[in-house]
Structure formats: structure tokens, C-alpha cells
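What follows is the residue order along each chain.
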Amino acid sequence: MKRLILLWLLFLFYTGCSDVGFEIRQSSSCQEAPLKGIVCSQGEDGINHYSTEFVSGKVDVIFVIDNSGSMSVEQKQMAQRLGNLLEKINLAQMDYRIAVITTDVKKDKGQFLKFPDGSLFLTPQSPKVLEQLKQTIQRQETLTCDQNNYNPSMCPSGDERGIYALNLALDRPENTSFFRDSAHLSVILLSDEDERSAGGTLSGFPLEPYDLPETLIQKVALQLGMTKTFSFHSVIVKPGDAQCLNAQIVHLPNGRNLYGYYGKTYAKLSRPSDNLKALGGLVDGTIGSICASDYAAQMGDIGSRVSEVVDSYQLPCEPIDNSLTVEISERGNAFTEIPFEVDNNLMIHFNPPLPAGTRVKIRWSCPNYL
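First, a word on what this report is: a plain description of the structure on this page. Treat the numbers as computed from the prediction; the structure is a model and nothing was measured.

Per the secondary structure count, the protein includes eleven helices and 16 strands. Over its C-alpha atoms the protein spans a radius of gyration of 21 Å, differing by no more than 12% from the 21 Å that the globule rule assigns to 370 residues. Along the longest, intermediate and shortest principal axes, the C-alpha atoms of the protein span 75 × 45 × 35 Å. Partitioning the intrachain contacts of the protein with sequence separation of at least 6 by distance along the chain shows that 76% fall at a separation of at least 24. For the protein, the exposed surface amounts to about 16700 Å²; the carbon and sulfur share of it is 50%. Here the protein holds 33 positive side-chain charges and 43 negative ones, and the gap between their average locations is 5 Å.

What follows is the structure, encoded as C-alpha cells:
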């Protein structure tokens, strides 16, 4: 862990906050392979030969909940429709883990919140998963703030920093066991504002390195492995939805107003550009509206999208022609070769999706660039 943190600090020192062109397809090193769960042998001809195995159906889910004042109604809305999300995940019989953090980095600092049973994350074996998740997403501190007319002394931080909180969560040693090799990482964020309220445009609230989408993508890749796939799902004020934006205005008894903001920074992670995808294993997520009258459909959409991408596999380098093969073994049977698709970002997709618990073996070769 210390070595990874040191590498990360050196990386930030040399790259700063710029778009560094962190091209996944240019990485081909046998030295790095074991950290990514890959077996590698280097041929005398300068070609590296890779293989990896994993079990399909694993997903690690982190809910990022805006717990500032004015969010109690939206938290309740999400909590009431979590069954739609879990139904999609359970229908695929996924091996899931679920954790919750808040956007308040001053108090919570990226800590996983404890569920009612005392655990830091839920699994299919946890008791009453849906009820525990509902209770944890609906934040008492948010309700207390609302009930006391948003008295600052009784409210969580109004400086919402969902991306910053995720970066802190990745830093915390006690969270390390949550993240699993070959499991897709799925983030589900709920907020009526953007990172630092307005995406760094408010005076006194500039975006810092840990607030940037680029930092989060690179950090996931460096700490969890370049083959880690990652999706970001936002329930926000959609950019351009003026009606929803106006609905976020809260008139306080003291004459002050509270405002929402377009979730532009979060939307960048949910609908990433090719440049952002090139920084790591980020794939397309979903964007939902915080103003929806019923969250059932968008919770179902998120669950469906997670089901689609959970068994994708990110190749760390561009394979030599005809060197890429995929084999599967179901219920202990012999491995058999299957068809697959590879997109422009070197992501392998399986169509139809693989049954949960299928063992997958992938082999490929790349020139040794390093």
C-alpha cells in the first residue's frame, strides 16, 4: 500500500492537473502484470505473452450520498426504489458488495458508513440487505438540518465533494478489503449540486486535484489495476434542465435562499469522453434526474447497466493480430473457446452476458514497449 501511495504522489508531481494522455494501450510490462492479476512471459522476440483468469458476476458498488440540507426528500426517493436496482442485480445472480459514503469530506472523510448490523459493506449473505441499505442512505443528519431551518451549526457540510470523497475512500486502509480483483466497480451518486457546488466556478470553492474526474480515473487504475472496469452513475440536476434547476431553490425563513446546480462534473464521469476513457477502465454509466417524480425507472436503468458491464474486461495493451482468445468453463467443465467483441478502448464484451460464476480465461500477446 505504501508503495502504491508513493507511486501515486510521484505521478501527481509530474503530471499536475493536466490531461496527461495516460494511454492504456501503451502499457505492456511483465513487471507490472502480477499487480493486475495477470501471468506474463517475455519471449526472445520482444513479445510479451499474457494470460488471466477470473470468475464472472462480481461487482463492487459504492453509493455516494449528498447529505447536505435539502436532500432528505431525494434520499427518501432513492431509498424507496432501491428494490428496482437490487432486482436487476439479483436477477443476474451477481456476487456484489455495497458500501455507502457521503459528500461531506470535512466530517466523514471518505469513510464507509456502518450499516445497522455494524458492517462496512453488504453482500448477498447479509441479513435484510434492502432494509439496511434504505436506512443508511436516508441520513439522519440531513433530516435534522432540514427540521432546524438549515441552521449551519446543525447541518453537515454544504461543500459537496463526491469525487473528493471517493478518492479519500480509495486512500483509507480499512476500505482495502472491499475492492476485489476482477470485480467491476460501480459508483452511484445522488446530489442536487455539482462538485464543490458549482464545479469550481464559485468564488472560494475551486476544484482541487482530488475533485477532478481525471484524478479519480487514474487513481482507480493505479491502485486497483489497469484492468479494473469502472462505471459512474449520476442522479443529478441534468445539465441544461432549467426547470429542474429552478425547482432546487429553497427559500429560508431568514430571507436567504439555497440553490442547486447542474451536475456538469459528475456528468463527465457518467458520459465520459474518449480522452477520459483513455486514462483507465472507465466505461459509460447512466445519468438520472434528481427531479424525477419516481426513481423506479432510473434505479432499474442503473441496475441494467451494471449487469451489462460487470463482466467486461479491460485489456492493458493492444493485442497483436490473432493473438487474443477467450475461453470459459461452466460448473467445472473443460474450457471452451467463445466469441467476443472488443471496442475501441480495448474493452472485451460478452454477448450474451456470461452466467454468474463462469470461469473465464483470456490470452493475448503485445509488443514489449517498455
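We are not done yet, so read on.
The next thing to look at is the environment of arginine 363. Considering the arrangement of structural elements, one finds arginine 363 in strand S16 (residues 359-367). Considered as a pair, arginine 363 and arginine 139 are 224 residues apart in the sequence and their alpha carbons are 46 Å apart. Beyond its immediate stretch of four places on either side in the chain, arginine 363 contacts Tyr50, Ser51, Ser323, Leu324, Thr325 and Glu327.

Moving on to the pairing of S16. For strand S2 (residues 47-55) and S16, the ladder comprises nine bridges, and the chain directions are antiparallel. Within S16, the position partnered with glutamate 53 by the bridge is lysine 361. When strand S12 (residues 325-329) meets S16, the two strands line up antiparallel, connected through five bridges. Bridging from a neighbouring strand, threonine 325 pairs with arginine 363 of S16.

This part takes up the state of the cysteines. A disulfide bridge is the covalent bond that connects two cysteines by way of their sulfur atoms. Under the definition given, this model contains four disulfides. Put simply, cysteine 30 and cysteine 40 are joined by a disulfide, and their sulfur atoms are 1.9 Å apart. Measuring the twist about the S-S bond at about -55°, one finds the cysteine 30-cysteine 40 disulfide to be left-handed. With cysteine 30 in the loop between helix H1 (2-15) and strand S1 (39-42) and cysteine 40 in strand S1, the pair connects residues that are ten residues apart, well separated along the chain. For cysteine 145, the disulfide goes to cysteine 155, at an S-S distance of 1.9 Å. Disulfide cysteine 145-cysteine 155: the torsion about the S-S bond is 85°, which places it as right-handed. One end of the pair, cysteine 145, is in helix H5 (residues 140-147); the other, cysteine 155, is in the loop between H5 and helix H6 (162-171), and ten residues separate them in sequence. What makes cysteine 145 buried here is its relative accessible area of 2%. For the protein, the bonded cysteines connect in the pattern 1-2, 3-4, 5-6, 7-8 when numbered consecutively along the sequence.

Attention now goes to empty space enclosed by the protein. Per the counting criterion, the structure on display carries three cavities of 30 Å³ or more. Lining of the largest cavity is provided by Ile62, Leu166, Ala169, Leu170, Phe179, Leu185, Val187, Leu216, Val220 and Phe230. Among the elements of the structure, H6, strand S5 (184-190) and helix H7 (213-224) are those that each provide at least two residues to the lining of the largest cavity. For the lining of the largest cavity, the element with the highest residue contribution is H6, accounting for three residues. Here the lining of the largest cavity is composed, by residue class, of ten nonpolar, no polar and no charged.

A few words on helix H4 (residues 129-137). Every buried residue belonging to H4 is among Val129, Gln132, Leu133, Thr136 and Ile137, and all of these are buried. Relative to the axis of H4, the buried residues are bounded by an arc of 125° and lie together on one face. Those residues of H4 that are buried are in contact with strand S3 (58-65), helix H2 (72-80), helix H3 (82-91) and strand S4 (95-102).

Pairing within the open sheet is antiparallel, and its five strands lie in the order S1-S2-S16-S12-S13. Looking at which strands have only one partner, the edges of the open sheet turn out to be S1 and strand S13 (336-337). Note that S1 and S2 share four bridges and pair antiparallel. Counted as the bridge partner of cysteine 40 is tyrosine 50 from S2.

Spatial ordering of the open sheet is given by S11-S15-S14, a layout of three strands whose pairing is antiparallel. Here the strands that pair on one side only, and so sit at the sheet edges, are strand S11 (313-314) and strand S14 (341-342). Pairing between S14 and strand S15 (residues 347-349): two bridges, direction antiparallel. Opposite valine 342, over in S15, you have isoleucine 348 as the bridge partner.

This next bit is on the packing of H6 against H7. The interhelical angle for the contact between H6 and H7, taken along N-to-C directions, is 15°, at an axis separation of 10 Å. By the angle between their directions, the pair H6 and H7 is classed as roughly parallel. Handedness of the crossing formed by H6 with H7: left-handed. Contacts between H6 and H7 involve Ile163, Leu166, Asn167, Leu170 and Asp171 on the former and, on the latter, Pro213, Thr215, Leu216, Lys219, Val220, Gln223 and Leu224. A per-class count over the contact of H6 with H7 returns seven nonpolar, three polar and two charged.

Gaps left between atoms show up when a probe the size of a water molecule is rolled over them. Volume-wise, the second largest pocket comes out at about 570 Å³. Lining the second largest pocket are 24 residues, and of these Gly158, Glu160, Glu193, Arg256 and Leu258 lie nearest its centre. Taken together, the residues of the lining of the second largest pocket sort by class into ten nonpolar, nine polar and five charged.

Reading guide: rules and limits
Residues numbered from 1 in each chain as written. Predicted model: local features only at pLDDT ≥ 70, side-chain atom pairs only at ≥ 80, totals over all residues. Heavy atoms only, no water. Helix = DSSP H or I, 4+ residues; strand = E, 2+ residues; numbered from the N terminus. Rg over C-alpha atoms; globule rule 2.2 N^0.38 Å. Contact = heavy atoms within 4.5 Å. Areas by Shrake-Rupley, 256 points an atom, 1.4 Å probe, with all protein chains shown as cover. Lys, Arg positive; Asp, Glu negative; His and termini not counted. Charge placed at Lys NZ, Arg CZ, Asp CG, Glu CD. Pairing = 2+ DSSP bridges. Disulfide = S-S within 2.5 Å. Buried < 20%, exposed > 50% of the residue type's maximum accessible area, 1.4 Å probe, protein only. 1 Å grid on protein atoms, 1.4 Å probe; cavity = no way out; pocket = protein on both sides within 12 Å on 5 of 7 lines; lining within 4 Å. Points joined across faces, edges and corners; volume = space filled by probe spheres on them. Nonpolar A, V, L, I, M, F, W, Y, C, P; charged D, E, K, R; others polar. Arc of directions from axis to C-beta. Axes fitted to C-alpha atoms, helices over the stretch in contact; angles between N-to-C directions. Parallel < 35°, antiparallel > 145°, perpendicular 65-115°, else oblique. Left-handed = near helix turned anticlockwise from the far one by under 90°.

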